[in-house]
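Residue-level listing of the chains:
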Amino acid sequence: MRKRKGTLVNLILLLLIAALYYVTSRPDAVTAMAAFSGSPVYRGHAEGRIALQFAVSWNAAAVEDILHVLSEKGKKATFAVSGAWARDNEALLRRMAQEGHELAVMGDDSASDGSISFLVKDIRAALDAVEAACGIRPKIYYSGTRSIRNSARAAKKLGLTHVLETLDLRTASGNAAAVAARGLEGPIAGSILLLQPTAAAAEALPALIDGLQKKGLEAVPTGCVLGLE
């Protein structure tokens, strides 16, 4: 009996090792491990790339200016939008999609939090709003200040990749020079830089993109550093 139990334990250990080897050997290993553990993704491991992720819900007056800068620089970014913003700004949402930017959701009312069932319903409403406006159903959910635990479970139920950020550039605080300096102080490949679409963010963006390029880091959407594209 003891021998049989020992054999069974060894078999289970071998299966676990094989599973871990499989997920960590994939290009999207970070995302796979996060899904396996039920935790959000804070950073990818893409060599020579760093993600620009905009949280678009409130204080979003500079979205058009930001889109203009990204177009001039030939760069793409991720825009995590709330469902409420998406419904009120369908033309801008379509422009984001048409210009090749990655769309993600923050939930329908990103300022609200609640149970897993509440978040599932709220996130689904945001997904529906984005899809209705531009025909794209996002694959990424940015939870912001919401409960990480409940957000992770809700995202899993909806088949979404739950992300947060490596570094918040705090674009609602300080001037453009301060924002750019935060992003250029020791950036790490695969990081997700969070910005809000404020005037300071729009003004800082050219210097941020150029500065990252000089450090050998290309600014890309979040999905690119997580192996989702």
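Conventions we followed
- Residues numbered from 1 in each chain as written.
- Predicted model: local features only at pLDDT ≥ 70, side-chain atom pairs only at ≥ 80, totals over all residues.
- Heavy atoms only, no water.
- Helix = DSSP H or I, 4+ residues; strand = E, 2+ residues; numbered from the N terminus.
- Contact = heavy atoms within 4.5 Å.
- pLDDT = per-residue confidence, 0-100.
- Buried < 20%, exposed > 50% of the residue type's maximum accessible area, 1.4 Å probe, protein only.
- Pairing = 2+ DSSP bridges.
- Right-handed = clockwise from strand over helix to strand, strands pointing away.
- Core = buried A, V, L, I, M, F, W, Y, C linked by side-chain atoms within 4.5 Å.
- Phe/Tyr/Trp six-rings, centres within 6.5 Å; stacked < 30°, edge-to-face > 60°.
- Axes fitted to C-alpha atoms, helices over the stretch in contact; angles between N-to-C directions.
- Parallel < 35°, antiparallel > 145°, perpendicular 65-115°, else oblique.
- Nonpolar A, V, L, I, M, F, W, Y, C, P; charged D, E, K, R; others polar.
- Polar contact = N/O pair within 3.5 Å; in protein donor to acceptor, adjacent residues only side chain to side chain.

Novice: Before we go on, may I ask you to explain the environment of Ala97 in this structure?
Specialist: For Ala97, the location among the structural elements is in helix 5 (residues 90–98). Leave out the neighbours within four places in its chain, and Ala97 touches Leu103, Cys134 and Ile136.

Novice: Help me understand the environment of Gly174, please; the structure alone is not making it clear to me.
Specialist: Within the secondary structure, Gly174 is located in the loop between strand 6 (167–168) and helix 8 (176–184). Taking C-alpha positions, Gly174 is 9.8 Å from Ala201, a pair spaced 27 residues apart along the chain. Setting aside residues no more than four positions away along its own chain, Gly174 makes contact with Arg182 and Ala200.

Novice: I would appreciate a short explanation of the confidence of the model for the protein in the present structure.
Specialist: Detailed reading of the predicted coordinates is not advisable wherever pLDDT falls low. Residues with a pLDDT of 70 or more make up 83% of the protein, whose mean pLDDT is 88. Across residues 13–37, confidence stays below pLDDT 50; counting only partners more than four residues off in sequence or on other chains, it has 22 contacts.

Novice: What am I meant to see in the pairing of strand 1 (residues 49–56) here?
Specialist: Within a regular strand, side chains alternate between the sheet's two faces. The element strand 1 is largely enclosed, with a buried count of seven among its eight residues. As paired elements, strand 1 and strand 8 (residues 218–220) share three bridges and run parallel to each other. Along strand 8, the bridge assignment pairs Ile50 with Ala219. For the crossover that starts at strand 1, traverses helix 3 (residues 63–73) and ends in the parallel strand 2 (residues 78–82), the hand is right-handed.

Novice: I keep staring at the nonpolar core and nothing clicks. Help me out?
Specialist: Looking at soluble globular proteins, one finds that nonpolar side chains tend to be buried together. Counting residues in each nonpolar core, the largest one holds 51 residues, and the members touching the most others are Leu52, Phe54, Phe79, Trp85, Leu93, Ile123 and Leu205. For this core, the element with the most residues is helix 6 (residues 116–134), which contributes nine residues. Not counting the four nearest positions on each side in its chain, Leu52 is found in contact with Ala77, Thr78, Leu193, Leu195, Leu205, Leu208, Ile209, Ala219 and Val220.

Novice: I would appreciate a short explanation of the packing of aromatic side chains in the present structure.
Specialist: Applying the stated criterion across every chain, the model contains one aromatic pair. A centroid spacing of 5.1 Å and a plane angle of 15° characterise the contact between Phe54 and Phe79, whose relative ring orientation is stacked. Within this pair, whereas Phe54 is found in strand 1, its partner Phe79 is found in strand 2, the two being separated by 25 residues in sequence. When sorted by exposure, Phe54 lands in the same class as Phe79, which is buried.

Novice: Looking at this structure, how should I read the packing of helix 5 against helix 6?
Specialist: The axes of two packed helices give the description: the angle between them and the distance between them. Two elements in contact, helix 5 and helix 6, have axes whose closest approach is 9 Å; the angle formed by their N-to-C orientations is 80°. One way to sum up the angle between helix 5 and helix 6 is to call them roughly perpendicular. For the pair formed by helix 5 and helix 6, the contact residues are Glu90, Leu93, Arg94 and Ala97 on the first element and Val130, Ala133 and Cys134 on the second. Among the residues forming the contact of helix 5 with helix 6, the class breakdown is five nonpolar, no polar and two charged.

Novice: Can you help me understand the side chain of Arg146 in this one?
Specialist: Residue placement: Arg146 occurs in the loop between strand 4 (140–142) and helix 7 (148–158). At 2.6 Å, the side chain of Arg146 and the side chain of Asp122 are in polar contact. Setting aside chain neighbours within four positions, we find Arg146 in contact with Met106, Gly107, Asp109, Ser110, Ser112, Asp113, Leu119, Asp122, Ile123, Tyr141 and Ser151.

Novice: Is there a simple way to explain unusual backbone geometry in this structure?
Specialist: Most peptide bonds take the trans form, and the phi angle of most residues other than glycine is negative. Phi at Arg170 is positive, roughly 50°, even though this residue is not glycine. Assignment of secondary structure puts Arg170 in the loop between strand 6 and helix 8.

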